[in-house]
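# Secondary and tertiary structure notes
The primary structure of each chain is shown beneath.
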Amino acid sequence: YLILLHYELSKNTEKNMNNNLDKVKLSLLKRRRSEDLFKFYGFAGIICAVLFLILILYSVISQGQKAFFTSYIKLDVYFDSKIIDPDNKKKEEDIKFANFRKIITTSLERKFPQVSDKEDIKELASFISSSEEENLMNFVISNKEFIGKNKVMWLLASSNIDVIVKNPEMEELDEANRLVSDKQLSWLNEIKANNELKNGLNKNFFTKADSTEPEQAGIWGSLVGSFLTIIITLILSFPIAVSAGVFLEELAPKNRFTEFLEVNINNLAAVPSIIFGLLGLAIFLNIMHLPRSAPIVGGLVLALMTLPTIIIATRSSLKSVPPSIREAAIGLGATRFQSVVDHVLPLAIPGIMTGTIIGMSRALGESAPLLMIGMVAFIVDVPGSFLDSSTALPVQIYLWKSTAARGFVELTAAGVIVLLGFLVLMNGLAVFIRQKFEKKW
């Protein structure tokens, strides 16, 4: 009986062990499936993000790279003395008031003698950009010996011609949906057949400010405006934010008031940037009456927006310094302030600089607060000081995108490329500083 009882017990025990083992195996299988599913979703999310990033970059770069080059037309320009200098005095004042548009039109008529109708001549004259009038004037002023003579020159094509050249598929569109007429397209094809059309570097894009004509518009004015604005932002935000971060983290007593400050600083870092624009509009423009759309106002607004970011970065960097540094300095007789300024702060500088550069890169890409203080104005001059009217690169991109002219499509994408380039450089600099100078404890 005992033998049978022992056999039954061992059999039940083995059965229970097998059941428990099966349950464990099933549980492990479910866990592995859950982990594999989580990994799959994570990997799929990364792949989708990378694909969307590649799609966006391809769209921007494929359009923007066209704006770095522009079309030039070869033309035998006749500097008619009757138009430029009828009195043969070769005075600079007379040359400046000469009708160089007529010089270009006459040269085009000589190139296409079959064009005689007044409307056709007007369409033909639109092949050359209006900016070439000033360029020809400056050329004659510097080379007065060419008055009354011919010179073969490469002149900047107008925006409509440039768009057709860069997008040949548009030639297949109906005349009503095309930027140029059938006659203009035939003249353009004739110019191409004679090898009198070339692509060259778009110097205006890098050296000029905004313009109503796409072929004359550039980013230099907005770049200078952004630079002046960021300088003001850095000068104001960096010392104030670092001082506030050091005080709150190292020197301030821990009470309800400092806790209240810390909570509000963290909340300010999440406030939409347009709120800071409204604050700048109310205080800096309506109360202090500072000049509208000036870099100094933009810098003040962006400094307010950047302060919480740098304060939080400063505090995080100070927290990363081991307490033993402070204790050793105080143990050797240094005051609390001396231990922070002479020992803790220098060790936290790499992290503070990283946070500052990231804050500046965020400020560089902001447009909403600058729109609120009037930096959306159409500015054709490059700002020369912090008080001059100017625009910024993100706002310039916004202005070009909202313009109806087809030629601004490529300029918008090119502006995005330039802005992304600056942001990548700034963030790359932040990563380099962190890896190069940050200490591992």
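These remarks concern the structure in this document. (Residues numbered from 1 in each chain as written. Predicted model: local features only at pLDDT ≥ 70, side-chain atom pairs only at ≥ 80, totals over all residues. Heavy atoms only, no water.)

For the rest of this paragraph, the subject is the packing of helix 10 (residues 220-251) against helix 15 (residues 336-364). One way to put it is that helix 10 packs onto helix 15 with a least axis distance of 9 Å and a crossing angle of 140 degrees. Helix-helix and strand crossings are classified by hand; for helix 10 and helix 15 the assignment is right-handed. Contacts from Ser226, Ile230, Thr233, Leu234, Ser237, Phe238, Val242, Val246, Glu250 and Leu251 in helix 10 reach Arg336, Phe337, Val340, Val344, Leu345, Ile352, Met353, Thr356, Met360, Ala363 and Leu364 in helix 15. In terms of residue class, the contact of helix 10 with helix 15 is made up of 15 nonpolar, 4 polar and 2 charged. (Axes fitted to C-alpha atoms, helices over the stretch in contact; angles between N-to-C directions. Helix = DSSP H or I, 4+ residues; strand = E, 2+ residues; numbered from the N terminus. Left-handed = near helix turned anticlockwise from the far one by under 90°. Contact = heavy atoms within 4.5 Å. Nonpolar A, V, L, I, M, F, W, Y, C, P; charged D, E, K, R; others polar.)

What follows covers helix 11 (residues 256-268). Three- or four-residue spacings in an α-helix give side chains the same orientation, since the helix completes a turn every 3.6 residues. Compared with the 18 Å implied by 1.5 Å per residue over 13 residues, the 18 Å span of helix 11 between its first and last C-alpha is a close match. Buried residues of helix 11: Thr258, Glu262 and Ile265, and no others. Taken end-on, helix 11 shows its buried residues confined to a sector of 65 degrees, consistent with a single buried face. Exposed residues on helix 11 whose side chains face more than 90 degrees from its buried face are Arg256, Phe257 and Phe260. On the buried face of helix 11, the contacting elements are helix 10 and helix 13 (295-320). (Expected span 1.5 Å × (residues − 1). Buried < 20%, exposed > 50% of the residue type's maximum accessible area, 1.4 Å probe, protein only. Arc of directions from axis to C-beta.)

Another aspect to go through is the nonpolar core. Judged by nonpolar contacts, the single largest core of 47 residues is most densely connected at Phe205, Ile219, Leu370, Ile373, Leu393, Trp400 and Leu411. At the level of secondary structure, the elements contributing two or more residues to this core comprise helix 10, helix 12 (273-285), helix 13, helix 15, helix 17 (393-401) and helix 18 (408-437). Per-element tally for this core: the top contributor is helix 13, with 9 residues. What Leu370 contacts, discounting residues up to four positions off in sequence, is Gly298, Leu302, Met375, Val376, Ala392 and Val395. Counting 38 residues, the second-largest nonpolar core is a separate cluster that includes Ile73, Ala98, Ile104 and Leu188. (Core = buried A, V, L, I, M, F, W, Y, C linked by side-chain atoms within 4.5 Å.)

So, about the packing of helix 11 against helix 13. How two helices pack is summed up by the angle between their axes together with the distance between the axes. Relative orientation of the contacting elements helix 11 and helix 13 amounts to 125 degrees, with a least axis distance of 8 Å. Judged on the interaxial angle alone, helix 13 and helix 11 are oblique. In this structure, helix 11 meets helix 13 at a crossing whose hand is left-handed. From helix 11, Glu262, Ile265, Asn266 and Leu268 reach across to helix 13, where they touch Pro308, Ile311, Ile312 and Arg315. (Parallel < 35°, antiparallel > 145°, perpendicular 65-115°, else oblique.)

Before going further, it helps to examine the pattern of salt bridges. Overall, the coordinates contain 12 salt bridges when judged by the stated rule. Of the charged contacts in the structure, one is a salt bridge between Glu262 and Arg315, with a shortest N-O distance of 3.0 Å. Separated by 53 residues along the polypeptide, Glu262 in helix 11 and Arg315 in helix 13 bring together distant segments of the chain. The same class applies to Glu262 as to Arg315, namely buried. Bridged by salt links that share partners, the residues Glu249, Glu262 and Arg315 form one connected network. (Salt bridge = Lys/Arg side-chain N within 4 Å of Asp/Glu carboxyl O.)

Under the counting rule described, the total for this entry stands at 10 aromatic pairs. Summarising the aromatic geometry, the rings of Phe40 and Tyr41 are spaced 5.9 Å apart at their centres and angled 55 degrees between planes, so their arrangement reads as tilted. An identical accessibility class is assigned to Phe40 and Tyr41; each is exposed. Taken together through their ring pairs, the aromatic side chains of Phe68, Phe205, Phe206, Trp400 and Phe408 make up a single cluster. (Phe/Tyr/Trp six-rings, centres within 6.5 Å; stacked < 30°, edge-to-face > 60°.)

This next bit is on the sheet that holds strand 3 (residues 197-201). Pairing within the open sheet is antiparallel, and its 3 strands lie in the order 2-1-3. Bordering the open sheet on either side are strand 2 (150-156) and strand 3, each of which pairs with just one other strand. Each strand of the sheet is rotated relative to its neighbour by a mean of 40 degrees, with strand direction disregarded. Looking at chain direction, strand 1 (residues 69-78) and strand 3 are connected through 5 bridges and run antiparallel. Residue pairing for strand 3: Ile73 is matched across the bridge by Leu197. (Pairing = 2+ DSSP bridges.)

A few words now on the side chain of Thr391. Relative to the helices and strands, Thr391 resides in the loop between helix 16 (368-372) and helix 17. For Thr391, the side chain forms a polar contact with the main-chain oxygen of Met375, separated by 3.0 Å. Once you skip the residues sitting within four places of it in the chain, Thr391 turns out to touch Gly221, Ser222, Gly225, Ser226, Met375, Ile379 and Gln396. (Polar contact = N/O pair within 3.5 Å; in protein donor to acceptor, adjacent residues only side chain to side chain.)

In a regular helix each residue adds 1.5 Å, so 26 residues correspond to 38 Å; helix 13 covers 36 Å between its end C-alpha atoms and thus fits that length. Maximum bend of helix 13: about 35 degrees, positioned at Thr306, with proline Pro308 one to four residues after it. Within helix 13, 19 of the 26 residues are buried, which leaves it mostly tucked inside the rest of the structure. (Bend = angle between axes of the 7 residues up to and from the residue.)

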